[in-house]
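The lines below spell out each chain.
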Amino acid sequence: MNILRHIASVAPIPLLVLALVGIGIYANSLAGPFVFDDYDAIVNNGDIRQLWPLWRAPEASERPSINSRPLVRLSLALNYAVGGLETAGYHVVNIALHIGCALALYALLARSSAKSGLAFCGTLLWLAHPLNTQVVNYITQRSESLMALCYLGTLYCAARRGARWTVGAVVCCGLGMASKEVMVTAPVAVWLYDRAWGAGSLATALRTRPGLYAGLAACWGILAALMASAPHGASVGFGQGVEPWQYLLNQCQVVVGYLGKFAWPDPLLLDYGRPQVLAASAVWPQAVLLLLLLGGSVWLAWRRPQVGFCALFFFLVLAPTSSVVPVVNEVGADRRVYLPLCGLCALVALADRWRKWVLAAAGVLAIIAIGRNEVYRDPIALWRADVAALPGNYRAQNNLGLALIGAGQMREAVPHFQHALKIEPGFAEAHNNLGLALAKLGHAEASEHYRRALAENPAYASAHNNLGTALVAAGDSSGALWHFRQAVAIDSDFASAYNNVGLLLAGAGDRQGAEAHYRRALAAHPDFGQAHVNWGLLVAAAGRWEEALGHYRRAAAVEPNLFAAHFNLGTALEEVGRGRAAERAYRAALALDSTLYQVPYRLGLLVTAQGRVDEGLAQLRRALVLDPAQAEVHFHLGRILVRADSLAQGVAHYRQALAAAPEMVEGHYNLGTVLLRQGRAEEALPHLRAVAALQPQLAVARNNLGIALQLAGRSAEAVDEFRRALALRPDYADARENLAVALKAVKAGP
């Protein structure tokens, strides 16, 4: 019989209720963004851009910690293959895994106890508990739920008898080893479960089911192979800067905190921070409490094996992360209690007389969990909660600053980076991020913080890239290019740095080199819209308009909110004569950013050329509201108004154009010409003289100046200008006729 079908046949109604409750609690998590390590594990992880192989050679992996968990990597790769970087699909899988764990827990508890109410209450309490919200909302932490599903599946299959169930237990155990390292305790948990629910002793369990335990033990080989390359680097293990004894002292605080949060889930944290230096005297109450609880669990396992198993299960599953093996980067994590919580919930549910209270508690916890989901949807609220609970956590301060930068709140971000650096002066990431915020605010000291970040970590690719950007702004292109090249040397998939090299090379006239770097940027990050835009600008400058259109269209497709993609698409479409399509592109750009004058300016000229003069004038006036000093807008608005016979308004705009750009030849020429049409020769003269001075080789300018001089009664000067016009263009018939008239006037005298 299929295992899942067998489970469903046990009690379909409770299973259905549990599934619906799980969906109800976590439905509001679907819109949650990527958080924290999700960016490295998913957004910037090239490993998940392909489904095969399931496991890559460590030296070829971009994210070894995910690569060493092949089942997790495969699940993320499947998500990416189906929906790219749309987070909803990832959240659907996380919710499904959580509900799957609940159903597996219910099946195990129902199998282990004749009291179906116990199984339902215990599972409901676990399903609703807010401590589990991190595993569901924090996408990368599906490693915990995948492992838990395999762990519970291993226990359930082991609780059954028969060859097929033995194979099922071993398969689940092997898959769990490929999900997360905590699965290492599963064979021991099965052994203890077997003693409590059947064998009566550990020795009997081994003797009566040797095939099961041999298979489970063999799964340790899978984990050993995956761990052989030390995929977690310096973040886990001995000799990494945190002594085992110090880590154990920290765990006394952390594990007691977990127990407190089981009773009342506050504060819930995303980041507990690094281990602290503690004295034994500071944690002796927690240490004594844990020793008593552990001792009591062992005694219960001896005297009341089934109750004792539930208690020991909590400590057993926590042991790999909460004992003496230091996890250097994170002293604790709410997600680590995900599976151990099953034991505590089962213990609570064992007390029959508490059942109504358990159901009521589950209801309250569900409400808290729904609220916590909302916090995960807002990165600022998420990190504010961590900072409020642990103000000394410099990483949380830094991440709150980053969230504020993401929301455009630069001034509010700066104090959090400064606070992080006050706690940890050598924190390179905070120096880099402080530099980012200061650069956005226009402060020159941004570069100093990038340099401090590089002094702390010379291999910090992002700091090299940011310092390069600052040097470009300061006019030091050669220094900037060096830092951009350092960034790509450190990180060969750093798309932004390749793009920046491309920009500098394009500015230096090296089109071939620029194209090569844009190509590298897009190879590393195919959905990098700005690189497509920059490549489009480069080929457009070479007259390759169709190629440019392809890049702009791709940019708009992969980043629909990228203003530059739509605006430049509009200009390219206009260039190749596709006016209607250009208009749609400009309107899309305008919807994204209505603060830049360029869009209504280009749109106004376009629709005017299509004969929609009133609409064009409205767009040009809108452009001037956004930037009143733009000479080109005043000029074209004046030109259109003059054509519409609104001469006075047209003249006014020509004058404003020249006030902003005194050497605008077209402005002087058009204004002088209009004034001549109005018979205002004296007013026209300065403008026509300006045209002749600015463009001395322009025959028509000399001719018009001559006309103005003639009308002003200065025939002799007019003769000189007509002759200059003919010298420039001997076949200029109008100038020749005007010269004849002027000569007659000179002969006629005053």
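Scroll up to find the structure.
What counts and what doesn't
- Residues numbered from 1 in each chain as written.
- Predicted model: local features only at pLDDT ≥ 70, side-chain atom pairs only at ≥ 80, totals over all residues.
- Heavy atoms only, no water.
- Helix = DSSP H or I, 4+ residues; strand = E, 2+ residues; numbered from the N terminus.
- Rg over C-alpha atoms; globule rule 2.2 N^0.38 Å.
- Buried < 20%, exposed > 50% of the residue type's maximum accessible area, 1.4 Å probe, protein only.
- Contact = heavy atoms within 4.5 Å.
- Lys, Arg positive; Asp, Glu negative; His and termini not counted.
- Charge placed at Lys NZ, Arg CZ, Asp CG, Glu CD.
- Axes fitted to C-alpha atoms, helices over the stretch in contact; angles between N-to-C directions.
- Parallel < 35°, antiparallel > 145°, perpendicular 65-115°, else oblique.
- Left-handed = near helix turned anticlockwise from the far one by under 90°.
- Nonpolar A, V, L, I, M, F, W, Y, C, P; charged D, E, K, R; others polar.
- Expected span 1.5 Å × (residues − 1).
- Core = buried A, V, L, I, M, F, W, Y, C linked by side-chain atoms within 4.5 Å.

> In this structure, what is going on with the overall build of the protein? I would like to understand it.
Assigned secondary structure in the protein consists of 40 helices and zero strands. Here the C-alpha radius of gyration of the protein, 37 Å, is well above what a compact globule of 750 residues would show, namely 27 Å. Projected onto its principal axes, the C-alpha positions of the protein cover 135 × 55 × 45 Å. Looking at the protein residue by residue over its 750 residues, the buried ones come to 51%. In the protein, of all internal contacts separated by at least 6 residues, the share reaching a separation of at least 24 is 62%. Both charge centroids of the protein, one from 63 positive and one from 53 negative side chains, sit 8 Å from each other.

> Teacher, can you tell me more about the packing of helix 38 (residues 699–711) against helix 40 (residues 733–748) here?
Working note: a packed helix pair is described by the angle between its axes plus the distance between those axes. Here helix 38 crosses helix 40 at 25°, and the two axes come no closer than 10 Å. By the angle class used here, helix 38 and helix 40 are roughly parallel. Once helix 38 is placed against helix 40, the crossing between them reads as left-handed. Of helix 40, the residues touching helix 38 (which contributes N703, I707 and Q710) are D734, A735, N738, V741, A742 and A745. Classifying every residue of the contact of helix 38 with helix 40 by side-chain character gives five nonpolar, three polar and one charged.

> Looking at this structure, how should I read helix 32 (residues 598–609)?
For an α-helix, 3.6 residues make a turn, and residues three or four places apart therefore share a direction. In this model helix 32 runs 17 Å from its N-terminal to its C-terminal C-alpha over twelve residues, within 8% of the 16 Å that 1.5 Å per residue would give. A large share of helix 32 lies buried, amounting to nine of its twelve residues. Buried residues of helix 32: V599, P600, Y601, L603, G604, L605, L606, V607 and T608, and no others. Buried-residue contacts for helix 32 involve helix 30 (563–575), helix 31 (579–592), helix 33 (613–626) and helix 34 (631–643). Note on helix 32: the residue one or two positions beyond its end, G611, has a positive phi of about 95°.

> Quick question: what am I supposed to make of the nonpolar core here?
In globular proteins that are soluble, nonpolar side chains generally tend to be buried together. Formed by 92 residues in total, the largest nonpolar core has its most connected members in W126, Y151, L155, M183, F313, L339 and L341. Leave out the neighbours within four places in its chain, and M183 touches M147, C150, Y151, T154, C172, C173, G176 and M177. The next biggest cluster of nonpolar side chains, apart from the first, holds 80 residues, and it includes L382, L404, Y460 and L606.

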